[in-house]
Amino acid sequence: MKAVVVEVKNGHVVALSENGVFKTVKNQNYAVGEVLIMKENNSKKISKKFIVTMAGAIAIIVLGSAGAYAYYTPVSYVSLDVNPSVEYSVNRFDRVLKAKGVNEDGKQLIEDLNLNGKSIDEAISQTVDTLIDDGYITDDGTGEIVIATSNDDPQKSEELASELKDTASEEIEEQGKTANIEAMAVGKKRVDEARELGVTPGKLNLVEKLKKSSATPDEIDIQEWLNKPVKEIQAAIKGNTSTQKEQEKNKETEKEKNQGTTQNKDKNTNSNSDKNSNNNSNKNKDKSNTTNKQDESSEDVPTDNPAVTTGGASQVTEPKVSGAGQSGSNPSVTAGGSGQQRKNQ
């Protein structure tokens, strides 16, 4: 039978069992909130007076819930993956209700760890410490850890993911090791999907990330990759991402090259157009100059006949006679194709 420690006092602890009975046992470094496995013959009923005394402690633990069972209700889900995969069920007080290995490596990893009743931070620290001892995380920088959290409150889930990432990072640094840690918040639907596949939601998210990064996603066998270590999955993702970046860079370079070629063609076309325009302008200018010269040449031709032609008829002005006996003759004037001659007397 399970019981939760509600008070530590005088070398003993008081625990509240699943059936609502208070039990006292010898303190073996137990902490408030820790879950104990009790034997029936170790229990005894506590006096009514003591129950009243402990009412305040109970209220703090269950946060005003209807009963002690609220402590045992998981509200958060946490998973940790390297190659061993471990999942933790966490209550509203961030205490681990249950920790279990999801794959064989995970089961072996926590076989000797007593994580139930510990805070989730302490459970992650102990798990990481064991991963280091077993050689999964070294100082070569190739270690990969994925932590996933889930809670009905998305904000709580995000905060818990960030908190546990810091916890794992601090433990690794204290041990003088290095590892890349990825922490994510996931929804309950993702948790259920992962459980159906027998994996953690963190690893399922990672494999789907691999599929999206691949140039040939249809060729990715999800089930096959779910059985591979996180380190190998992350390496494949990085390789795909690097390839995509290189392809995008080549496309951009080719695009700029094509744009440059088009601009040069447009420039040459405009240059030829300008040349043709200048040639036409020069031709028109030469033609205009030729016409002006011809006009000037016509104006410079002298006229021997002082006759003024108007409307096809010739008018001749006779010279004035200053006196009798003087006479003069006018030259002939031609008009309309016939000649007329006048004499002055």
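As the structure is a computational prediction, the values presented were derived from the model and not from experiment. (Residues numbered from 1 in each chain as written. Predicted model: local features only at pLDDT ≥ 70, side-chain atom pairs only at ≥ 80, totals over all residues. Heavy atoms only, no water.)

K.L.:
Could you give an account of the overall build of the chain, naming the residues involved and the relevant values?
P.N.:
Tallying secondary structure elements over the chain gives 9 helices and 15 strands in all. Within the span of the chain, comprising 345 residues, buried residues form 31% of the whole. A total accessible area of about 22,000 Å² is found for the chain, and carbon and sulfur atoms account for 45% of it. (Helix = DSSP H or I, 4+ residues; strand = E, 2+ residues; numbered from the N terminus. Buried < 20%, exposed > 50% of the residue type's maximum accessible area, 1.4 Å probe, protein only. Areas by Shrake-Rupley, 256 points an atom, 1.4 Å probe, with all protein chains shown as cover.)

K.L.:
Report on helix 6 (residues 188-197), specifying residues and quantitative values.
P.N.:
Inspection of helix 6 places Arg190, Val191 and Ala194 among the buried residues, and these make up the whole buried set. The buried residues of helix 6 all sit within an arc of 100° when viewed along its axis, so they share a single face. Along helix 6, the residues that are exposed and aim more than 90 degrees away from the buried face are Lys188, Lys189 and Glu196. (Arc of directions from axis to C-beta.)

K.L.:
Hey, could you go over helix 7 (residues 201-213) for me, with residue numbers and the actual values?
P.N.:
Spanning 13 residues, helix 7 covers 18 Å between terminal C-alpha atoms, matching the ideal 18 Å at 1.5 Å per step. Turning to helix 7, its buried residues are Pro201, Gly202, Lys203, Leu204, Leu206, Val207, Leu210 and Ser213. (Expected span 1.5 Å × (residues − 1).)

K.L.:
Go over the sheet that holds strand 1 (residues 2-9), please, and point to the residues and values.
P.N.:
The sheet built from 4 strands is open, its strands ordered 3-2-1-4 with antiparallel pairing. Looking along the sheet, the strands with just one partner apiece sit at the ends: strand 3 (22-26) and strand 4 (35-37). Each adjacent strand pair in this sheet contributes to an overall mean axis angle of 45°, direction not counted. In this sheet, strand 2 (residues 12-17) lies alongside strand 1 in antiparallel orientation, the contact comprising 6 bridges. Looking at the pairing, valine 8 lines up with valine 13 of strand 2. (Pairing = 2+ DSSP bridges. Axes fitted to C-alpha atoms, helices over the stretch in contact; angles between N-to-C directions.)

K.L.:
Tell me about a negative patch on the surface, and name the residues and values.
P.N.:
Negative charge collects at one region of the surface, where Asp152, Asp153, Glu158, Glu159, Glu163, Asp166, Glu170, Glu173 and Glu174 lie side by side. Take glutamate 159: it is sitting in helix 5 (residues 154-174). The class of glutamate 159 is partly exposed, set by a relative accessible area of 46%. (Patch = residues over 30% accessible without salt bridge, like charges linked within 9 Å, V, L, I, M, F, W, Y side chains within 5 Å. Salt bridge = Lys/Arg side-chain N within 4 Å of Asp/Glu carboxyl O. Lys, Arg positive; Asp, Glu negative; His and termini not counted. Charge placed at Lys NZ, Arg CZ, Asp CG, Glu CD.)

K.L.:
Can you break down the nonpolar core residue by residue, with the values?
P.N.:
Judged by nonpolar contacts, the single largest core of 25 residues is most densely connected at Val78, Leu80, Tyr88, Ile120 and Ile124. When residues of this core are assigned to their parent elements, the largest contribution, 6 residues, is made by helix 4 (residues 120-133). Membership of the second largest hydrophobic core comes to 19 residues, among which are Tyr77, Val199, Leu210 and Ile220. (Core = buried A, V, L, I, M, F, W, Y, C linked by side-chain atoms within 4.5 Å.)

K.L.:
Report on the sheet that holds strand 8 (residues 143-151), specifying residues and quantitative values.
P.N.:
The strands that make up a sheet are held in pairs by hydrogen bonds between backbone atoms, and each pair lies either parallel or antiparallel. The mixed open sheet is built from 5 strands, whose spatial order is 7-6-5-8-9. Looking at strand neighbours, the two that pair on one side only are strand 7 (96-101) and strand 9 (179-185), the edges of this open sheet. Here the strands of the sheet are splayed against their neighbours by 15° on average, with no regard to which way each runs. Both strand 5 (residues 76-81) and strand 8 contribute to a ladder of 6 bridges, which runs antiparallel. For serine 79, the partnering residue across the bridge sits in strand 8 and is alanine 148. Running at roughly 15° to strand 5, helix 4 makes contact with strand 5, strand 6 (85-90) and strand 7 of the sheet. Lying over the sheet, helix 7 contacts strand 5, strand 6, strand 8 and strand 9, oriented at roughly 60° with respect to strand 5. (Contact = heavy atoms within 4.5 Å.)

K.L.:
Tell me what's going on with the packing of aromatic side chains, and back it up with residues and numbers.
P.N.:
All chains considered together, the criterion is met by 0 aromatic pairs. The ring of tryptophan 225 carries lysine 228 above its face, with NZ or CZ at 3.9 Å from the centroid. (Phe/Tyr/Trp six-rings, centres within 6.5 Å; stacked < 30°, edge-to-face > 60°. Lys NZ or Arg CZ within 6 Å of the ring centre and 35° of its normal.)

K.L.:
For the environment of leucine 197, give the residues involved together with the corresponding values.
P.N.:
Within the secondary structure layout, leucine 197 lies in helix 6. When the C-alpha atoms of leucine 197 and glutamine 223 are compared, they prove to be 8.3 Å apart, with 26 residues separating the residues in sequence. Those residues in contact with leucine 197, other than ones at most four positions away along the chain, are Leu204, Gln223 and Leu226.

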